[in-house]
Amino acid sequence: MTAPRDPSPGDGAQRGPGQDSAGEDPEHIPGLAQERTSLAWTRTAIAFAALGGVVLKENVVTGLIILALSPVIWQLGRVTRGSLPRADGRPPVMAVVGATRLFLIAVTIAGVALLCLIVAIFGKSVPGALQ
Amino acid sequence: MSWSSRLAALLPGAVAHDTGGTEPDPRFTFANERTFLAWSRTALALVVAGHAIVQLLPPFPGVPAGRHLLGVPLIVLGAVLAVVAYAEWARNQHALRRGEPMPKSNVPWILAATITGMAIVSAIILLISAVR
């Protein structure tokens, strides 16, 4: 599969209400890609909250830390919306901030997994809680 | 290309200042980001599952280490998956910028193989604990 290139406005892509002038506005995002991505960030934040809830049952401090990360993740998803490729030739802000926040998410999940590993091995279990 | 330089190329600064090719259509950038987020949620689900197995399940009779045998690999896989998902995102973004074919990914295969392996280990542990 070859990476797709810039499609023309008439390529059949979905458009949201009032999004019928692709190409005129450098900040314009065709289709509903931004909304879908925003929802994906929200689902990721909810997944963090769910993990925090599970861990909270065994270890309050770790659970609260993970729960507190949930709104931070949600906020990260809201950063730089509208910072798309700029017409003046400068590098797009989205690329700079985008890479950093995705890297942050990956490192955060790896760190949370490490915390959960420590709690799982050394923490006090509640056997039978799922009986 | 050495491993250290490959790792350095994955750091956010290096990815962000990749000036090769042209900026891809925002829709494809967003799609790549959503794929990364989907892998991240998969990683979180693995961590939750592993944690719940170790901390909340009752012990398996006759297999005292059974819960850890099942839960710890899932948590470790979750951690690895999160980092690998970022590397995949960076590779895909690199290919998108240059209009190159999308790089082949082994992550779905690794995930499927691990889940299958864990299912087999679970079945064995359950059988042993049922017999004893």
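Keep in mind that this is a model prediction, so the values were computed, not measured.

Asks: Could you give an account of the overall build of chain A, with specific residues and numbers?
Replies: Looking only at helices and strands, chain A features three helices and zero strands. Tracing chain A from N to C terminus, the helices and strands come up as α-α-α. The 131 residues of chain A split such that 27% are buried.

Asks: Lay out the overall build of chain B in plain terms, naming residues and giving numbers.
Replies: Scanning chain B from N- to C-terminus turns up five helices and zero strands. Overall, chain B shows an N-to-C arrangement of helices and strands of α-α-α-α-α. Reported as C-alpha extents along the three principal axes, the dimensions of chain B are approximately 65 × 30 × 20 Å. When burial is assessed residue by residue, chain B has 33% of its 132 residues classed as buried. Considering only residue pairs separated by 6 or more positions, chain B has 74% of its internal contacts joining residues 24 or more positions apart.

Asks: So what's going on with the packing of helix α3 (residues 26-56) of chain B against helix α4 (residues 66-98) of chain B? Residues and values would help.
Replies: Two quantities define a packed helix pair, namely the angle between the axes and the distance from one axis to the other. All names here are of chain B. At a minimum axis separation of 7 Å, α3 and α4 run at an interaxial angle of 170°. When the interaxial angle is binned, α3 and α4 end up roughly antiparallel. Each residue belonging to the contact of α3 with α4 can be placed in one class, and the counts come to 21 nonpolar, ten polar and one charged.

The rules behind each value
- Residues numbered from 1 in each chain as written.
- Chains lettered and ligands numbered in written order.
- Predicted model: local features only at pLDDT ≥ 70, side-chain atom pairs only at ≥ 80, totals over all residues.
- Helix = DSSP H or I, 4+ residues; strand = E, 2+ residues; numbered from the N terminus.
- Buried ≥ 20, exposed ≤ 12 C-beta atoms within 10 Å, placed from the backbone.
- Contact = placed C-beta atoms within 7 Å.
- Axes fitted to C-alpha atoms, helices over the stretch in contact; angles between N-to-C directions.
- Parallel < 35°, antiparallel > 145°, perpendicular 65-115°, else oblique.
- Nonpolar A, V, L, I, M, F, W, Y, C, P; charged D, E, K, R; others polar.

Treat this as a map of the structure, not an account of what it does.
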